[in-house]
Every structure is written in C-alpha cells, then in structure tokens.
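Structural characterization, general
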Amino acid sequence: QVQLVESGGGLVQAGGSLKLSCTASGSISSIGPMGWYRQAPGKQREWVVSITSTGGTNYADSVKGRFTIARDSAKNTMSLQMNSLKPEDTAIYYCYCIAGISRTYWGQGTQVTVSS
C-alpha cells in the first residue's frame, strides 16, 4: 500500500507561480513512475506530467515549458513547479504513482485556481 498526500495549491493571478508537493508513505520501495493529473470543473481528468524512477520526464503539450516536475526519492517527495499560470490551468491537481504490480495510487487532490 502507498499513501500520497498533496500540498501547495491555492489561488494565484494569471502569470503567477505555484509549487505543488506530493509526499509518499507506505510501501515506497515499490514505487515506479509518478506524476500529476488534473481535473477542471465539468471536464474529465487529464494527464499533466510524469517522471520515472530514474528521472525521465514527459509533459502534456499544454504545460510544456511552464511546468517542471522533480522527484526526490530519498525524501519520498515529488514536486510540480508551475509558472506562467493561465486561467485554464484551474483544476484539482492529483498526484499519482504506480507501485507494486502496476497498481495506481492517488492522492486526495489539491485545488489550484488561477484568476484572470
């Protein structure tokens, strides 16, 4: 079992920055890829970014060049630095990881609101 807890959401004006964090606990040695999804009001959850256990990253085109993911395996944490935020980035952001035999775990979500 893996537990994920996000923090760092909030309200920011367009063009501003926020940093989200995700801390893992439990069977952390089994964690493989990690990343973030987001869900805007009335929309389906969408993938944002992922990072492998060796630091390889992939970004959705909508956030490429503005968001940066990082992972500290020693501290069991992952972060998402979000710059140049836009109103369309407003969503609940969920961290996730794949652990054990390809099981996906989710955090509880943190709200990010970008005002225009």
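Data block above holds the structure.
Presented here is an overview of the structure given in this document. (Residues numbered from 1 in each chain as written. Predicted model: local features only at pLDDT ≥ 70, side-chain atom pairs only at ≥ 80, totals over all residues. Heavy atoms only, no water.)

A few words on the sheet that holds strand S1 (residues 2-7). Across the sheet, four strands lie side by side as S1-S3-S8-S7; this open sheet has antiparallel pairing. In this open sheet, the two strands that pair with only one neighbour each are S1 and strand S7 (67-72). The sheet shows a mean angle of 15 degrees between the axes of neighbouring strands, taken without regard to direction. Alignment of strand S3 (residues 18-26) against strand S8 (residues 77-82), held across six bridges, turns out to be antiparallel. Paired with serine 21 across the bridge in S8 is serine 79. (Pairing = 2+ DSSP bridges. Helix = DSSP H or I, 4+ residues; strand = E, 2+ residues; numbered from the N terminus. Axes fitted to C-alpha atoms, helices over the stretch in contact; angles between N-to-C directions.)

Here the focus is unusual backbone geometry. Look at asparagine 76: it is not a glycine, yet its phi comes out positive at around 60 degrees. With respect to the helices and strands, asparagine 76 occurs in the loop between S7 and S8. Located in the positive-phi region is serine 102, a residue other than glycine, with phi close to 55 degrees. For serine 102, a relative accessible area of 61% gives the class exposed. (Buried < 20%, exposed > 50% of the residue type's maximum accessible area, 1.4 Å probe, protein only.)

This next bit is on the environment of glycine 109. Residue position: glycine 109 is located in the loop between strand S10 (103-106) and strand S11 (110-115). Counting along the chain gives 16 residues from glycine 109 to tyrosine 93, while the straight-line C-alpha distance between them is 5.3 Å. Once residues within four sequence positions are removed from consideration, glycine 109 is found in contact with Glu6, Ile92, Tyr93 and Tyr94. (Contact = heavy atoms within 4.5 Å.)

What follows is about the state of the cysteines. Taken as a whole and assessed by the stated rule, the structure comprises one disulfide. Bridging cysteine 22 to cysteine 95, the disulfide has an S-S length of 2.1 Å. Looking along the S-S bond of the cysteine 22-cysteine 95 disulfide, the torsion reads about 55 degrees, which is the right-handed sense. Taken together, the residues cysteine 22 in strand S3 and cysteine 95 in strand S9 (residues 91-99) connect sequence positions 73 residues apart. When its relative accessible area of 0% is taken as the criterion, cysteine 95 is described as buried. Residue cysteine 97 stays outside any disulfide, its sulfur separated by 7.5 Å from that of cysteine 22, the closest cysteine. Taking the relative accessible area as the measure of exposure, cysteine 97 reaches 0% and is therefore buried. (Disulfide = S-S within 2.5 Å.)

With that settled, consider the side chain of arginine 66. Structurally, the position occupied by arginine 66 is in the loop between strand S6 (57-59) and S7. For arginine 66, the side chain forms a polar contact with the main-chain oxygen of serine 62, separated by 2.8 Å. Polar side-chain contacts of arginine 66 include one of 2.7 Å to the side chain of aspartate 89. Once residues within four sequence positions are removed from consideration, arginine 66 is found in contact with Gln81, Met82, Asn83, Ser84, Leu85, Lys86 and Asp89. (Polar contact = N/O pair within 3.5 Å; in protein donor to acceptor, adjacent residues only side chain to side chain.)

This paragraph deals with the packing of aromatic side chains. In the structure shown here, the tally under the stated rule is three aromatic pairs. With a centroid separation of 5.2 Å and an interplanar angle of 70 degrees, the aromatic rings of tyrosine 37 and tryptophan 106 are classed as edge-to-face. Here tryptophan 106 lies in strand S10 and tyrosine 37 lies in strand S4 (residues 31-39), a separation of 69 residues in the sequence. Between tyrosine 96 and tryptophan 106 the ring centres are 5.7 Å apart and the planes differ by 40 degrees, which places this aromatic pair in the tilted class. Remark: tryptophan 106 occurs in strand S10 and tyrosine 96 occurs in strand S9; sequence separation between them is 10 residues. Given the relative accessible area of 8%, tyrosine 96 is considered buried. Among the aromatic residues, those joined into a cluster by ring pairs are Tyr37, Tyr96 and Trp106. Note that arginine 45 overlies the ring of tyrosine 94, its terminal NZ or CZ placed 3.8 Å from the centroid. Looking at arginine 45, its charged tip hangs above the ring of tryptophan 106, at a distance of 4.7 Å from the centre. (Phe/Tyr/Trp six-rings, centres within 6.5 Å; stacked < 30°, edge-to-face > 60°. Lys NZ or Arg CZ within 6 Å of the ring centre and 35° of its normal.)

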